[in-house]
Amino acid sequence: MAAAGLRRGRCLIVTDDHVGPLYADRLEQALLGAGWSPRRYTVPAGESTKSLPHLQKIYDVALSWGIDRRTPVIALGGGVVGDLAGFAAATLLRGLPLVQLPTSLIAQVDSAIGGKTGINHVVGKNLIGAFHQPALVCADPETLATLPPREWTSGLAEAVKHAFIADADLLAYVEQHMPAILERDPSVTHPLICRAAAIKAAVVGEDEREAGRRAILNFGHTFGHAIERVAGYGVFTHGEAVALGMRAALYLSRCLHPDLPLERADRLLRQIPVQGRLADLPIPALMQAMHADKKVDGRTLRFVVLRRLGEAYVTADVSHDDVEAAWLFARGELD
Ligand SMILES: NC(=O)c1ccc[n+]([C@@H]2O[C@H](COP(=O)([O-])OP(=O)(O)OC[C@H]3O[C@@H](n4cnc5c(N)ncnc54)[C@H](O)[C@@H]3O)[C@@H](O)[C@H]2O)c1
């Protein structure tokens, strides 16, 4: 913390009721030992916590405790805690230092890096928020040992996504080690986490406010968001929806770039376990949901596609028929 330029004093730890009992005591002891005065605030685990009422409670705790502009907010948990506590840090006293201590795989390779913070609104996810870069991100991959299996595979989809869009060598590494990755062998997963996190940092470093290149991080997400929307949130995890969405996006990529090794790439994605059946979701509803996303964005419908493995770009130049075929492919109804 000192190396990140943070001055000793009070600090507010925000965690959830799954992660807090596992790791917050240890964190508090370490902070006390280093001369900090921590206070812990615990929110309920789960996506519904990314909401105004929980944000309000963090404001209440922080302001009634007595914070100043140099009081860091420490987010200890997954992407939900990171986004919520991050937005509290972005807005309290016009911006407090933020420390991200990500404990889920999604948070370690993705959400803790890049400065997007926010909460959900009934109209849609992540619609209220701010860019607020953390002063420090510190990920301990050993905390992942307690992550539930479904959360692991969900995060794996995002890590694999980073390989698809930016690093063909990492993709080959994942292909080679998939069984050990699914078994969570640390000797194999730690390098994957480091490299996937570095890709996120590099992409964001080039385009902090998502004016251009950062959008490639949405590979599989135009399809994935539609899956989440049609199935109802919670049926598929976000990572599961993205894994299926990437299968569709790969098909679409091959429509534009016939040399793309679709079969090889798809074989890798099919190894990521997904609960829930895409075939249960009607294609017209999925197509409509993609356009609803566009309406929220106020932009034309855009897709992230691969020119080759490890190289992505954004395009709106795709045909309706190809998008429909991509859905069929992701459902396993097309070769
Ligand atoms: N800000 C960004 O750039 C960005 C990027 C991707 C996703 N997100 C957001 O991140 C959220 C998803 O992140 P997530 O999957 O981490 O969700 P999450 O925070 O809900 O964590 C998933 C579950 O795992 C538990 N958990 C986390 N770490 C654990 C550990 N080490 N041991 C045991 N249990 C643990 C949590 O308590 C929760 O029950 C979504 O809200 C999404 O919108 C944000």
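Participant: How should I be thinking about the layout of surface pockets in this particular structure?
Facilitator: By rolling a water-sized probe across the atoms, one finds the places where empty space is left. Size it by volume and the second largest pocket reaches roughly 390 Å³. Contributing to the lining of the second largest pocket are 18 residues, with Leu27, Ala30, Leu76, Leu101 and Cys138 lying nearest its centre. For the lining of the second largest pocket, the leading source of residues is helix H1 (residues 19–33), giving five residues. When its residues are assigned to classes, the lining of the second largest pocket shows 14 nonpolar, two polar and two charged.

Participant: What should I look at first to understand the domain arrangement of the protein chain in this one?
Facilitator: Where interface size is given, it is often the accessible area lost as the parts come together that is meant. According to the domain assignment, the protein chain consists of domain 1 (10–145) and domain 2 (148–330). Measuring from the centre of the C-alpha atoms in domain 1 to the corresponding centre in domain 2 gives 26 Å. Each side of the interface is counted separately: domain 1 has 15 residues, and domain 2 has 23 residues. Both faces combined, the contact of domain 1 with domain 2 buries some 1700 Å², and carbon together with sulfur accounts for 65% of it. Looking at the side of domain 1 facing domain 2, the largest losses of area belong to Leu105, Val109 and Phe131, adding up to 32% of the total buried there. On the surface where domain 1 and domain 2 come into contact, there are three salt bridges. Viewed at the interface, domain 2 and domain 1 are joined by six residue pairs in polar contact (both at pLDDT 80 or more). Only helix H4 (105–111) and strand S6 (124–131) provide two or more residues apiece to the side of domain 1 that touches domain 2. If one sorts the elements of the side of domain 1 that touches domain 2 by residue count, H4 sits on top with five residues. A class-by-class count of the residues in the side of domain 1 that touches domain 2 yields nine nonpolar, three polar and three charged.

Participant: Just to check I follow, could you spell out the site of the ligand for this structure?
Facilitator: Taken together, 26 residues surround the ligand, and among them Asp16, Glu47, Gly79, Ser104 and Thr146 come closest. With respect to the ligand, the side chain of His18 contributes an N or O atom lying 2.9 Å from an oxygen atom. A distance of 2.9 Å separates a nitrogen atom of the ligand from a polar atom in the backbone of Lys116. The set of elements that each furnish at least two residues to the shell around the ligand consists of H1, helix H3 (79–91), H4 and S6. Its residues assigned to classes, the shell around the ligand comprises eight nonpolar, nine polar and nine charged.

Participant: For this particular structure, what's the right way to read the packing of helix H5 (residues 149–166) against helix H7 (residues 186–206)?
Facilitator: If you want to describe how two helices pack, look at the angle between their axes and the distance between the axes. Axis separation between H5 and H7 bottoms out at 9 Å; the angle between their running directions is 55°. On the basis of the axis angle, H5 is oblique to H7. As for how H5 packs across H7, the hand of that crossing is left-handed. Between H5, through Trp152, Leu156, Ala159, His162, Ala163 and Ala166, and H7, the contact on the second element is made entirely by Thr189, Leu192, Ala196, Ile199 and Lys200. Here the residues of the contact of H5 with H7 are counted per class, giving eight nonpolar, two polar and one charged.

The rules we used
All residue numbers refer to position in the chain's written sequence, counted from 1. Thresholds applied to this predicted model are a pLDDT of at least 70 for local features of residues and 80 or more for the giving and counting of side-chain atom pairs; totals over whole chains, interfaces and linings are not thresholded and use all residues. Note that the side-chain values use all heavy atoms of the structure and ignore hydrogens as well as water. Points on a 1 Å grid, built from protein atoms alone, make a cavity when a 1.4 Å probe fits but cannot get out and make a pocket when they are open with protein on both sides within 12 Å along at least 5 of 7 lines; residues with an atom within 4 Å of a point are the lining residues. Grid points are joined across faces, edges and corners, and a volume is the space filled by probe spheres set on the points. Working definition: helices are DSSP H or I runs of at least four residues, strands are E runs of at least two. Numbering for both runs from the N terminus. Any residue outside Ala, Val, Leu, Ile, Met, Phe, Trp, Tyr, Cys, Pro, Asp, Glu, Lys and Arg is labelled polar, Gly included; the first ten of those are nonpolar and the last four are charged. An automatic or database domain assignment supplies the start and end points of every domain. The contact criterion used is simple: two residues touch if any of their non-hydrogen atoms lie within 4.5 Å. Buried area: the sum, over both parts, of the accessible surface (1.4 Å probe) that disappears when the two are put together. A side-chain nitrogen of Lys or Arg and a carboxyl oxygen of Asp or Glu constitute a salt bridge if their distance falls within 4 Å. Residues adjacent in sequence count toward polar contacts only when both atoms are side-chain atoms; beyond that, a polar contact is any pair of N or O atoms within 3.5 Å, and within protein one must be able to donate a hydrogen and the other to accept it. Neighbouring residues are identified by heavy atoms, a residue being near a molecule or strand if any of them is within 4 Å of it. Whenever a helix is involved, its axis is fitted only over the stretch in contact; in every case the axis is a line through C-alpha atoms, and angles between N-to-C directions fall within 0 to 180 degrees. Throughout this description, any angle smaller than 35 degrees is read as roughly parallel, any larger than 145 degrees as roughly antiparallel, any in the 65 to 115 degree range as roughly perpendicular, and the remainder as oblique. Take the far helix as the reference: if the near one is turned anticlockwise from it by less than a right angle, the crossing is left-handed, and if turned clockwise, right-handed.

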